[in-house]
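Overview (structure and organization)
Residue-level listing of the chains:
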Amino acid sequence: MKTLSILSAFLLFGTSAMAAEPATPLPSTAPSSMERELERQIDRFVTYPIANRAAAMDGEVLVSFVIDAVGKVRVINASSSNDALCAYVLKMLDKVDIGDNPEGTWKTTHIRFRFGPEA
């Protein structure tokens, strides 16, 4: 039993003395400042259309867009079974302006907006 304890201690401490390879940092997944600003402005402008409660403003709107060189949303595709809701979302996205985008057209973004009364 004493031999087993000495052998275990040797293996435990003997191998821990070896230097480990330096860790390779993972690519950053933190959102860029442009992504944060885009999210902030979408949250600000695209909200449930309370003023239009009389109309049926419930449903989903699927939107694909890019950000152009001046920081404006350019919609590629938008679809919804509720035409009024789709028009509302497009009108609100037109207000988004994240500022100059010196790299030119920015990646295609796909968002599903879901609207309905809160329970």
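Located above this text is the structure these notes cover.
Residues numbered from 1 in each chain as written. Predicted model: local features only at pLDDT ≥ 70, side-chain atom pairs only at ≥ 80, totals over all residues. Heavy atoms only, no water.

**Regarding the overall build of the protein chain**
Condition: Helix and strand assignments come from DSSP, with helices taken as H or I runs of at least 4 residues and strands as E runs of at least 2, each series counted from the N terminus. Think of it in three bands: residues with accessible area under 20% of the maximum for their type are buried, residues over 50% are exposed, and the middle band is partly exposed, with areas taken using a 1.4 Å probe on protein chains only. Contacts are assigned to residue pairs with any non-hydrogen atoms lying within 4.5 Å of each other. Surface accessibility follows the Shrake-Rupley procedure with a 1.4 Å probe radius. Residue values consider only the protein chains on display as shielding.
Assigned secondary structure in the protein chain consists of three helices and three strands. N-terminal to C-terminal, the α/β element order of the protein chain is α-α-β-β-α-β. The buried share among the 119 residues of the protein chain stands at 27%. Counting contacts in the protein chain only where the partners sit at least 6 residues apart, residues at least 24 apart contribute 73% of the total. Carbon and sulfur atoms make up 58% of the accessible area of the protein chain, which amounts to about 8700 Å² in all.

**Focus on the environment of Ala69**
If you trace the backbone, Ala69 turns up in the loop between strand S1 (59–67) and strand S2 (73–79). Here the alpha-carbon distance between Ala69 and Glu103, two residues 34 residues apart in the chain, equals 6.9 Å. Discounting chain neighbours no more than four positions away, the residues touching Ala69 are Asp100, Asn101 and Gly104.

**What about the environment of Lys107?**
Note the threshold: We define a polar contact as two N or O atoms separated by no more than 3.5 Å, with the added condition that, inside protein, one atom must be a possible hydrogen donor and the other a possible acceptor, whereas residues neighbouring each other in sequence contribute only through side-chain atom pairs.
Considering the arrangement of structural elements, one finds Lys107 in strand S3 (residues 106–115). In sequence terms Lys107 and Ile67 are 40 residues apart; their C-alpha atoms lie 7.3 Å from each other. Lys107 has contacts with Glu35, Phe65 and Val66, leaving out every residue within four places of it along the chain. Side chain to side chain, Lys107 and Glu35 meet in a polar contact 2.6 Å long.

**Describing the nonpolar core**
Defined as follows: Buried Ala, Val, Leu, Ile, Met, Phe, Trp, Tyr and Cys residues that are joined via side-chain atoms within 4.5 Å together make up what is termed a nonpolar core.
With 21 residues, the main nonpolar core has Leu38, Ile42, Val46, Val89, Leu93, Val96 and Phe113 as its most contacted residues. Listed by contribution, the elements that provide at least two residues to this core are helix H2 (33–45), S1, helix H3 (83–93) and S3. It is H3 that provides the largest number of residues to this core, a total of six residues.

**Regarding H3**
Quick reminder of the rule: Our arc is simply the arc of the directions from the helix axis toward the C-beta atoms.
Residues Leu85, Cys86, Tyr88, Val89, Met92 and Leu93 constitute the buried set of H3. Angular distribution of buried residues about the axis of H3 spans 160°; they occupy a single face of the element. Counted as exposed and oriented over 90 degrees from the buried face of H3: Asp83 and Lys91. One side-chain oxygen at the N-terminal end of H3 lies 3.2 Å from the backbone nitrogen of Ala84; it belongs to Asn82.

**Regarding the pairing of S2**
Condition: One bridge is not enough; two strands pair if DSSP finds at least two bridges between them.
As paired strands, S1 and S2 are joined by six bridges and run antiparallel to one another. Looking at the pairing, Ile67 lines up with Val73 of S2. Linkage of S1 to S2, two consecutive antiparallel strands, is achieved through a turn of five residues, within which Gly71 is found at a positive phi near 90°.

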